[in-house]
Structures are given as structure tokens and as C-alpha cells.
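# Chain and residue survey
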Amino acid sequence: MKFYKYQGTGNDFVIIDDREGKFQLGQKEIAHLCHRRFGIGADGLMLLQKAEGYDFRMVYYNSDGTEGSMCGNGGRCLVRFAADLGLVNDFTTFIAVDGEHQAHINPNEISLHMQNVSEIEAISSDYFAQTGSPHLVRFSSAVQEEDVKNIGAQIRYSDTFKSRGGTNVNFVELLNQGLFVRTYERGVEDETYSCGTGVTAAALVANAIHGLTSPVAIQTIGGKLSIEFKGNAQTGFYDVYLIGPAVRVFEGEITSL
Ligand SMILES: N[C@@H](CCC[C@H](N)C(=O)O)C(=O)O
């Protein structure tokens, strides 16, 4: 089976062209392919499939092999893949697990239209937003010092989030200009270098709580992103865009599972 590897600010993905609809691997095999010692290594695996009325369908699996909710960086990488295949040029409309998305394709960045966000929920001293995936946002005065993996796991498996199917957890520091965001990702069960739906949640919460205005510059471990949006926490957020690079790293053949 032929595969491609892409990354968007260090959030990395195995991509398979499944336009013929033949992909049949289960959770165990997907987790194996994403394993960084026994497989290719990735935060997730995506399929590009045909979809009537759209340029393509995005199917996303977390690195533990479970089918994930929306992945923003994955969406940007899959758009780049569709452009590399010659399926789309400078604009695309595709369908994903959370509904329709549009994206603008530029040489150095993909600008992905995200779902509207109607509510920022306060939970103790943290905030929760649904940006296609569930995200807790915790502000920190020293984000580099945070134990993202262990505290993130505690929150992700806490009673508060058990009934909601868990959550991703973002630790966010206000910079002079913009935010530094580190994310514990559900389904990877570890910190990743960047999370697109996570930085989107962080920017919108930062607008609601600290008054940051669009565009919000984001620094992650894996690089820089930008979030544009209209609206506010009272009216709801709309025209939300996740903007940043998405790059093909290599391609190859899967020879054993
Ligand atoms: N890395 C992703 C988020 C992936 C979804 C998440 N792990 C989940 O299923 O909750 C992104 O860039 O948005």
C-alpha cells in the first residue's frame, strides 16, 4: 500500500489516497502504522476519499487507531495533498467528520475555514470550547514549565470529561504578541508539537477572556500559526480560519503490518 507523510507545524500524518475506497485496516493496524518505533510514525492517519458534491472526504484516525473528531492541522495537510494530487488548485470545499470546510491554497500556507464556535464555557478556572474537537484551555504564566503530558492526562481522564468522551488540553501563555500554546492530544495520549483545533480554541478563548483581537499569532513547539475570526463570545465566532504551513515530507510503500 502506498502512503504519504505530511506535517503541519510538526503535527504529522500518514496519508493514504483512498479514492477507490479499498482501505480496510482496523484500529490495531492503524496504531501500528502510526507507531514511532514499529511503524512509520505519526500523530494520526488520514484517508482522502471521494465524496459526492465535494472535492474529497477527509477521514481522520488518531495515532491510537481510534477515529478522531476534526483535526485542523490534518485538514490543512490533506488539502495540500489534494493539491499535490492535482485534484484542486487554489481553493477547495471538502467534507469532514464535523461538516463542510473550505480552504485557500497558497504556496507557503493553507488557510482552513473552521466551524463556527457558539460558546466558551467556564470550567473552574479553565475554559472549554468545541472547535470541531473538544478543547480545554488553561492559561499559564510559564507554559514551558508545564508538565503537559501528566497534567493533560489527568484532566483528559477526569470525571468532568469522562461523560464527554474526554478532551484535548491546551496550556496557553500570553506573549507580548499572541500566544504560546502546548497541547495534550486525546487519541495520541501525549503532547504533540502543534494542534490546529487546539490553537483555534486558545485564540477564541483569549479573545473572550483577555481581549486579543484577530489575527492572533500562535507559537507552538512545531512552528507558527495564525487564527483569524469574526464575532465574539457573546454573538458567537464565525469566519474562523486556521492558517499555516503544510508540507509533504516523504512517500513510500507499506510492506508489512
Ligand atoms: N491534532 C488535531 C486534533 C486531533 C483531534 C484530537 N486528537 C481528538 O480526536 O480529539 C488538530 O490539529 O486539530
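The structure displayed is predicted, hence computed values, not measured ones.

A few words now on the overall build of the protein chain. What the protein chain contains, in helices and strands, is five helices and 17 strands. At 17 Å, the protein chain has a C-alpha radius of gyration in line with the 18 Å of a compact globule built from 257 residues. With the C-alpha coordinates aligned to their principal axes, the bounding extent of the protein chain is approximately 50 × 35 × 30 Å. Across the 257 residues that make up the protein chain, the buried fraction comes to 54%. Considering only contacts in the protein chain between residues 6 or more positions apart, those separated by 24 or more positions represent 61%. Accessible area of the protein chain: about 11400 Å², with a carbon and sulfur share of 44%. In the protein chain, 21 positive and 31 negative side-chain charges are present, and the distance between their average locations comes to 4 Å.

This part is about the site of the ligand. The local shell around the ligand holds 16 residues, among which G72, N168, R186, G196 and T197 are the closest. Here an oxygen atom of the ligand sits 2.7 Å away from a polar atom, N or O, in the side chain of N168. At a separation of 2.6 Å, an oxygen atom of the ligand approaches a polar backbone atom of G196. Taken by itself the ligand offers 360 Å² of open surface, and the protein chains cover 100% of this.

As recorded in UniProt, the sites labelled "binding site: substrate" (unreviewed entry) are N11, N62, G72, N73, N168, E185, R186, G196 and T197. Within the element layout of this structure, N62 appears in strand β4 (residues 57–62). By relative accessible area, which is 7% here, N62 ends up buried. In contact with N62, not counting residues within four places along its chain, are I30, D43, G44, E67, G68, R186 and G187. As for its position among the elements, T197 is in helix α5 (residues 196–210).

Attention now moves to the pattern of salt bridges. Following the criterion strictly, the structure yields 15 salt bridges and no others. The salt bridge partner of D126 is R138, with a shortest N-O separation of 2.8 Å. Pair noted here: D126 is in strand β9 (residues 126–130) and R138 is in strand β10 (residues 134–139), with a separation of twelve residues, a long-range link. Judged by relative accessible area, D126 falls into the buried class, the value being 6%.

By the element assignment, F23 lies in the loop between β2 (11–17) and α1 (27–34). Overall, the relative accessible area of 15% leaves F23 in the buried class. F23 sits 113 residues away from L136 along the chain, and the two C-alpha atoms are 33 Å apart.

Parts of the model with low pLDDT should not have their predicted coordinates read in detail. Summarising the model, the protein chain shows a mean pLDDT of 97, and 100% of its residues fall at 70 or more. Among the prediction metrics, the complex's ipTM stands at 0.89, with pTM recorded as 0.97.

With that out of the way, let us pick up the packing of aromatic side chains. The tally for this structure, following the rule as stated, stands at nine aromatic pairs. Pairing Y4 with F81 gives two aromatic rings, centres 4.8 Å apart and planes at 50°, and the pair type is tilted. Within this pair, whereas Y4 is found in strand β1 (residues 2–8), its partner F81 is found in helix α2 (residues 72–85), the two being separated by 77 residues in sequence. With a centroid separation of 6.2 Å and 65° between ring planes, the pair formed by Y127 and F139 is classed as edge-to-face. Taken together, the residues span a long stretch of sequence, with Y127 in strand β9 and F139 in strand β10 at a distance of twelve residues. On the accessibility criterion, F139 (24% relative accessible area) is partly exposed. Above the plane of the ring of Y157 lies R156, whose end atom (NZ or CZ) is 4.3 Å from the centre. The cationic tip of R164 hangs over the ring face of F128; the distance from NZ or CZ to the ring centre is 4.7 Å.

Let us now look at helix α3 (residues 148–156). Every buried residue of α3 is accounted for by V148, G152, I155 and R156. Along α3, the residues classed as buried sweep out an arc of 95° about the axis, all on the same side. Buried positions along α3 lie against β10, α4 (159–162), β11 (168–174), β12 (179–185) and β13 (190–192).

About the thresholds
- Residues numbered from 1 in each chain as written.
- Predicted model: local features only at pLDDT ≥ 70, side-chain atom pairs only at ≥ 80, totals over all residues.
- Heavy atoms only, no water.
- Helix = DSSP H or I, 4+ residues; strand = E, 2+ residues; numbered from the N terminus.
- Rg over C-alpha atoms; globule rule 2.2 N^0.38 Å.
- Buried < 20%, exposed > 50% of the residue type's maximum accessible area, 1.4 Å probe, protein only.
- Contact = heavy atoms within 4.5 Å.
- Areas by Shrake-Rupley, 256 points an atom, 1.4 Å probe, with all protein chains shown as cover.
- Lys, Arg positive; Asp, Glu negative; His and termini not counted.
- Charge placed at Lys NZ, Arg CZ, Asp CG, Glu CD.
- Near = heavy atom within 4 Å.
- Polar contact = N/O pair within 3.5 Å; in protein donor to acceptor, adjacent residues only side chain to side chain.
- UniProt positions renumbered as here; feature names shortened; annotations may be inferred.
- Salt bridge = Lys/Arg side-chain N within 4 Å of Asp/Glu carboxyl O.
- pLDDT = per-residue confidence, 0-100.
- Phe/Tyr/Trp six-rings, centres within 6.5 Å; stacked < 30°, edge-to-face > 60°.
- Lys NZ or Arg CZ within 6 Å of the ring centre and 35° of its normal.
- Arc of directions from axis to C-beta.

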